[in-house]
Amino acid sequence: MNLTLKVWRQDGPNDAGRLETYDAPDVSPDMSFLEMLDVVNERLINEGRTPIEFDHDCREGICGMCSLVINGVPHGPQRATTTCQLHMRSFKDGDTIAIEPWRAKAFPVVKDLVVDRSSFDRIIQAGGYASVNTGGAPDANAMLIGKEDADTAFDAAACIGCGACVAACPNASAMLFVAAKVAHYAHLPQGQPERDRRTVKMVNSMDAEGFGNCRNYYECEAACPKEIPVKFIGNMNRDFIKAVAAGNEG
Amino acid sequence: MNWLLRSLQSSLGKKFLVAVTGLALLGFVVTHMLGNLQIFLGRDALNAYAAQLKALGGLLWVARAGLLAFFVVHVATAIRISLENRAARPVRYAVDPGIQRTVSARGMLVTGLTVFAFVLYHLAHFTWGWVMTDAHMLTETLADGTTRHDVFSMVVAGFQQPLIALLYVAAMVLLGLHIRHGSWSFVQTLGLNHHKFAPAIRAAAAGLAWLIVLGNISMPLAVLFGAIGLPDGVTV
Amino acid sequence: MNLDAKIPSGPVAEAWDKHRFDLKLVNPANKRKFKVLVVGSGLAGGSAAATMAELGYDVDCFCFQDSPRRAHSIAAQGGINAAKNYQNDGDSVYRLFYDTVKGGDFRSREANVYRLAQVSANIIDQCVAQGVPFAREYGGQLANRSFGGAQVSRTFYARGATGQQLLLGCYAALSRQIEMGAVKMHTRTEMLDIVVADGITRGIITRNLTTGKIERWAGDAVVLATGGYVNVFYLSTNAMGCNVTAAWRAHKRGAGFANPCFTQIHPTCIPVSGDHQSKLTLMSESLRNDGRVWVPAKPGDQRPPSQIPDNERDYYLERKYPSFGNLSPRDIASRAAKEACDDGKGVGPGNRGVYLDFRDSIQRLGAEVVKQRYGNLFDMYQRITDENPYELPMRIYPAPHYTIGGLWVDYNLHSNQPGLHVIGEANFSDHGANRLGASALMQGLADGYFVLPYTIGNFFATHKPEPITTDHPAFREAESEINARLQRFMTIGGSRSPESFHRELGRIMWEKCGMARNRAGLEEALQKIPELREEFWNNVKVIGTERSLNMTLEQAGRVADFLEFGETMCRDALLREESCGGHFREEYQTEDGEAVRNDDDFAHAAVWEWKGPNEEPVRHQEEMTFENVKLATRSYK
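Everything numeric here is computed off the predicted structure, so don't read it as measured data.

What counts, and at which threshold
- Residues numbered from 1 in each chain as written.
- Chains lettered and ligands numbered in written order.
- Predicted model: local features only at pLDDT ≥ 70, side-chain atom pairs only at ≥ 80, totals over all residues.
- Heavy atoms only, no water.
- Contact = heavy atoms within 4.5 Å.
- Buried area = accessible area lost by both parts, 1.4 Å probe.
- Salt bridge = Lys/Arg side-chain N within 4 Å of Asp/Glu carboxyl O.
- Domains from an automatic or database assignment.
- Polar contact = N/O pair within 3.5 Å; in protein donor to acceptor, adjacent residues only side chain to side chain.
- Helix = DSSP H or I, 4+ residues; strand = E, 2+ residues; numbered from the N terminus.
- Nonpolar A, V, L, I, M, F, W, Y, C, P; charged D, E, K, R; others polar.
- Buried < 20%, exposed > 50% of the residue type's maximum accessible area, 1.4 Å probe, protein only.
- Pairing = 2+ DSSP bridges.
- Phe/Tyr/Trp six-rings, centres within 6.5 Å; stacked < 30°, edge-to-face > 60°.
- Lys NZ or Arg CZ within 6 Å of the ring centre and 35° of its normal.
- Right-handed = clockwise from strand over helix to strand, strands pointing away.
- Patch = residues over 30% accessible without salt bridge, like charges linked within 9 Å, V, L, I, M, F, W, Y side chains within 5 Å.
- Areas by Shrake-Rupley, 256 points an atom, 1.4 Å probe, with all protein chains shown as cover.
- Axes fitted to C-alpha atoms, helices over the stretch in contact; angles between N-to-C directions.
- Parallel < 35°, antiparallel > 145°, perpendicular 65-115°, else oblique.
- Left-handed = near helix turned anticlockwise from the far one by under 90°.

Now for the interface of chain C and chain A. Between chain C and chain A, the contact holds 76 residues from the first and 78 residues from the second. Where chain C abuts chain A, roughly 6,300 Å² becomes buried across the two surfaces, and 52% of that area is made up of carbon and sulfur atoms. When the buried area of chain C at its contact with chain A is split by residue, Arg70(C), His276(C) and Arg383(C) rank highest and sum to 11% of it. Here chain C is connected to chain A by 7 salt bridges.

All names here are of chain C. With domains assigned, chain C is organised as domain 1 (266-399) and domain 2 (473-622). For domain 1 and domain 2, the distance between their C-alpha centres works out to 31 Å. Domain 1 puts 11 residues into the contact, and the matching count from domain 2 is 10 residues. At the boundary of domain 1 with domain 2, total buried surface from both sides reaches about 840 Å², with 53% on carbon and sulfur atoms. A per-residue breakdown of the area domain 1 buries against domain 2 is headed by Asp 331, Arg 335 and Lys 338, which together make up 54% of the total. Inspection of the region where domain 1 meets domain 2 yields 0 salt bridges. On the surface where domain 1 and domain 2 come into contact, there are 4 residue pairs in polar contact (both at pLDDT 80 or more). Breaking the side of domain 1 that touches domain 2 down by element, the ones donating at least two residues are helix H9 (330-342) and strand S15 (394-403). Take the side of domain 1 that touches domain 2: its biggest share by element is 5 residues, from H9. For the side of domain 1 that touches domain 2, the residue count by class is 3 nonpolar, 3 polar and 5 charged.

Another aspect to go through is the arrangement of the chains. There are 2 pairs of chains in contact here; the most contacts are made by chains A and C. Between chain B and chain C there is no contact, and the shortest C-alpha to C-alpha separation is 20 Å.

Moving on, we come to the pairing of strand S14 (residues 354-357) of chain C. The two faces of a sheet get side chains in turn, since along a regular strand they alternate between them. Residue and element names in this part refer to chain C. Side chains of S14 alternate between two faces, with Val 354 and Leu 356 and Tyr 355 and Asp 357 buried alike. By the bridge criterion, 3 bridges tie strand S12 (residues 292-296) to S14 in an arrangement that is antiparallel. Bridged to Arg 292 within S14 is Asp 357. Examined bridge by bridge, S14 and S15 share 3 bridges and lie antiparallel to one another. What sits directly across from Tyr 355, in S15, is Arg 395.

Bringing the packing of aromatic side chains into the picture now. All names here are of chain C. The final tally for this structure, using the stated rule, is 43 aromatic pairs over all chains. Between the aromatic rings of Phe 34 and Phe 460, the centroid separation amounts to 4.4 Å while the plane-to-plane angle is 15 degrees, which identifies the pairing as stacked. Of this pair, Phe 34 sits in the loop between helix H2 (28-31) and strand S1 (35-39) while Phe 460 sits in helix H12 (residues 440-463), and the two are 426 residues apart along the sequence. Accessibility classification places Phe 34 together with Phe 460 in one group, the buried group. One cation-aromatic arrangement involves Arg 115 over Tyr 411; the distance from NZ or CZ to the ring centre is 4.1 Å.

Quick look at the interface of chain A and chain B now. Of the residues lining the interface, 54 residues belong to chain A; the matching set on chain B comes to 44 residues. Both sides of the chain A and chain B interface together cover about 3,900 Å² of buried area, and 52% of this is carbon and sulfur. Our count for the contact surface shared by chain A and chain B stands at 1 salt bridge. For Glu219(A), the salt bridge identified is with Arg101(B), shortest N-O distance 3.4 Å. Where chain A packs against chain B, one counts 32 residue pairs in polar contact (both at pLDDT 80 or more).

Moving on, we get to helix H8 (residues 151-159) of chain B. When you tally the buried positions in H8(B), you get 9 out of 9 residues, the bulk of the element. Residues Val151(B), Phe152(B), Ser153(B), Met154(B), Val155(B), Val156(B), Ala157(B), Gly158(B) and Phe159(B) constitute the buried set of H8(B).

Here we take up the pairing of strand S2 (residues 58-62) of chain C. Residue and element names in this part refer to chain C. The buried fraction of S2 amounts to 4 of the 5 residues, a majority that puts the element mostly inside the structure. Here S1 pairs with S2 via 5 bridges, running parallel. Within the sheet, the bridge partner assigned to Lys 35 lies in S2 and is Asp 58. Remark: the S1/helix H3 (residues 43-55)/S2 crossover connection has right-handed handedness. Relative to strand S5 (residues 183-186), S2 is paired through 4 bridges, and the arrangement is parallel.

Bringing a nonpolar patch on the surface into the picture now. Residue and element names in this part refer to chain B. A cluster of nonpolar side chains, namely Ile 79, Leu 83, Leu 113, Phe 116, Leu 120, Trp 128 and Trp 130, defines an oily patch on the protein surface of about 700 Å² accessible area. Secondary-structure elements contributing two or more residues to the nonpolar patch are helix H4 (58-88) and helix H6 (108-127). Ranked by the residues each element gives to the nonpolar patch, the list is headed by H6, at 3 residues. Mapped onto the elements, Leu 83 comes out in helix H4.

Residues and elements named next belong to chain C. Relative to the assigned elements, Asn 458 resides in helix H12. We classify Asn 458 as buried; its relative accessible area is 14%. Beyond its immediate chain neighbours, meaning those up to four positions away, Asn 458 contacts Leu 23, Lys 24 and Asn 412.

All names here are of chain B. Interaxial distance between helix H2 (residues 11-36) and H4 falls to 9 Å at its minimum, and their mutual angle equals 140 degrees. The orientation of H2 with respect to H4, classified from their angle, is oblique. The interaxial crossing formed by H2 with H4 has left-handed handedness. Residues Lys 14, Lys 15, Leu 17, Val 18, Thr 21, Gly 22, Ala 24, Leu 25 and Phe 28 of H2 pack against Leu 67, Phe 70, Phe 71, Val 73, His 74, Thr 77, Ala 78, Arg 80, Ile 81 and Glu 84 of H4. Here the contact of H2 with H4 is built from residues that sort into 11 nonpolar, 4 polar and 4 charged.

Structure representation (structure tokens):
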């Protein structure tokens, strides 16, 4: 099939960007979206034009490196699917596809479709861990954790840190990302000793990075390739209120 | 108390403030509507209710001050949040269809600010008497010779003006949209969510919003279509 | 080349305890005076950086991804082995040790493997303490599943994303140290060379991938945790960014490269669908617990699978290896799939595929149970192939997955190049000629959490490095070499993209040095690769500037190194005149096509020494002795 792409090109963080139009002829429906871009890039290189920069690595939907807002939807039209796992059979011959980077003040554009997501790392550094050093851990079965709790903790921990939640949120809020990490530990006994402190510190870090505020649009949940549910946001709100009420504000 | 103020200034704290004040305002909207629906019971019922409220004296002022404070905090915090949200996405998407956001959710600022403007008009109309001053001056003389404010006639006279009636109807639809999102959203924001009840809560919120819209617009529409008229002998 | 493995004397079961006692310690107050440069932030690098920082060392950690959480360890699906014997099915440290040495086809170092089995239990304890959400039984205890090459159930897992959860645990520990200031993290930073001053590894040269800035870093030890080189095949299950550059540069500065021709071919990957293909996707080996592998018994049978009756199907793993059946080790299962396709029984595009069928399991357990166990894998399969595995059998084919060869290290994970430590997939020591499933995660974390943090202290205590700054001439030279190379890429102005060279190299490597090799093919590859390299350096086309983000330039650098490395890999394969692990030398097979290992001549690691750009590399040997697990032909029948 033949497609027209409108791709965001931006030379650097401080340059103005613009949408540029490219043809993508002879696209096979079995290609992944990124393989389609590979082919476009291969042609650009052959024509002596600068290829489109985009982030990608594992191409199997787990590293969280790939991004792309495709026709206004992070990771494109297929639910629960990262861009690297999106296949061209989701599009029709003759389609025009707009490809934009994640847009958020906290995710500045590095070049073209590549953005800087280090703000996510800094939020985790603020408290997204159980403070245990290596060594001295008790036997793994000494602590019983019910299957339901373990499963819920996994549901939350399934986050790949791609940032689609931020990209999808009209307010560029990072609540789902933060709430997922808070929920991961909140559902495990290992997370209890630092529960209040972790919640407040991570929320404060999220605010400091310049993400927007949650308005319960639930776009994040719809865009999340790992289908992390918004109930975790409500749970984090509760944990935050409890922490503040207890005077443990981090 | 620093920690509390600081926490209330965080993104979650601000949302908490909007939710709590919104909940209080929702309570007011419901009570206000229930009181006003007495218009269907006739002139005596509504005017007596109005007089009762007035008779609260100092308490009424306390309530008004409280309401005003909630209102100011709700609106000011919401505006602040909206400005921050705008700043959080300096470059907007060229294509932005949305995935599952609702009109009511997306329009909170617009519906909120419009309702805010409407409330000012509403006060100017029925409380301060700046609109249709003659109707505002109407009184009713009771059997014992005392007089009281003729709220019933004032309202009916107002709603007999088609433009005013339609303005109220339009404002109530916007208020309904605002409440439709706000009245389930607070559950999530205050962490009272429960994933099993979430769909029920959203349905209940929509139901509540509809009831508020229907209850409130029933009054201007009843007047406009002549189901309620001015009492005999009252002219404006 | 000094290949003293420094294996402790005495019984293997006591070696590690004894060795830990013999290791010299660094006073806690002095640890912060030692700077360690850790390259890579996967399970090995991340756990090592975090643990060494906890101990008090001054750590800098580098990764080319935009976050340490994205290292390719994250993609491991199935699980991690540990000798916990929680299932009461007879597992023990010794059994895990035995299975791993045997599974490795007797080409690994016994002492290393024993230590790996010993610390495996600590790893699970540590990860649980960190909050890794392993699968649990209703009663709250940890769940286990079986994996290929073992008859006990010792694999711990977190749905189909065990690598992700373990890496996030390790990333959390690393993040905590970053917040505390004990680790300085450098993301989007690619190591382009190590710096050897006065014979000792004293630093690295990096390129900031965002700004293009070349930087020098000095330290008292360098740790490479840079993963494997299986992208030399272009198509593999590795992430697009995985590369040999760090290991290859270290090799060119003196580190021995051991068994480069040992790669692991994973039996259950989604087959290639067309020429556009950029990578292959693995389907977890755990699927073989409930899926049955088969091909049509008759060559060229084009009927849809549902129309082929059972008596016309060849369940070849169950037929050839009845005691292990579908859970045969990876090398056996991969080669059997290749044989079936070579015999014309393959299915799907190009007839390079075999069926992995869940029909019987769905009948026995119900679709719901199968969905619970493998739902996410089935979804992934359907997204890629547009076929529903609940109704049609999956099509799978082996694909390059992991590298068992790597930089040579001694028992202390120290390479022959002083000051250079190598951990995780980047080293060679623990898996022999074939890695069993669920043991890569185990090795990465064993090295990073429980081995290197001890042994590096001994290095500092015994070597007492002199102070050094990045003004040392060795840094200047290394940097100017890098700059010259980058300049050269930018000025060749040829007509082919780096990607096209990579694809071409990959085809040569897969055809001539893949699952099956022979002398003629390898000699042909050894002819073709230098020609391709020659063309690359005259005809590659890199657009843009080296002073900003430029992924084509990054790729050019990696492909250039693969083009050198591929040659050494073929050379190694040529000289290993035996069939061992998944590396089938067609000249060495039994009459019924089974591999023939040659223990008399090849029970050793081949360690290559770089001699210069136009010189032949030299092959050294480290003999592998088997005092505990008796050398025997592996049988899974």
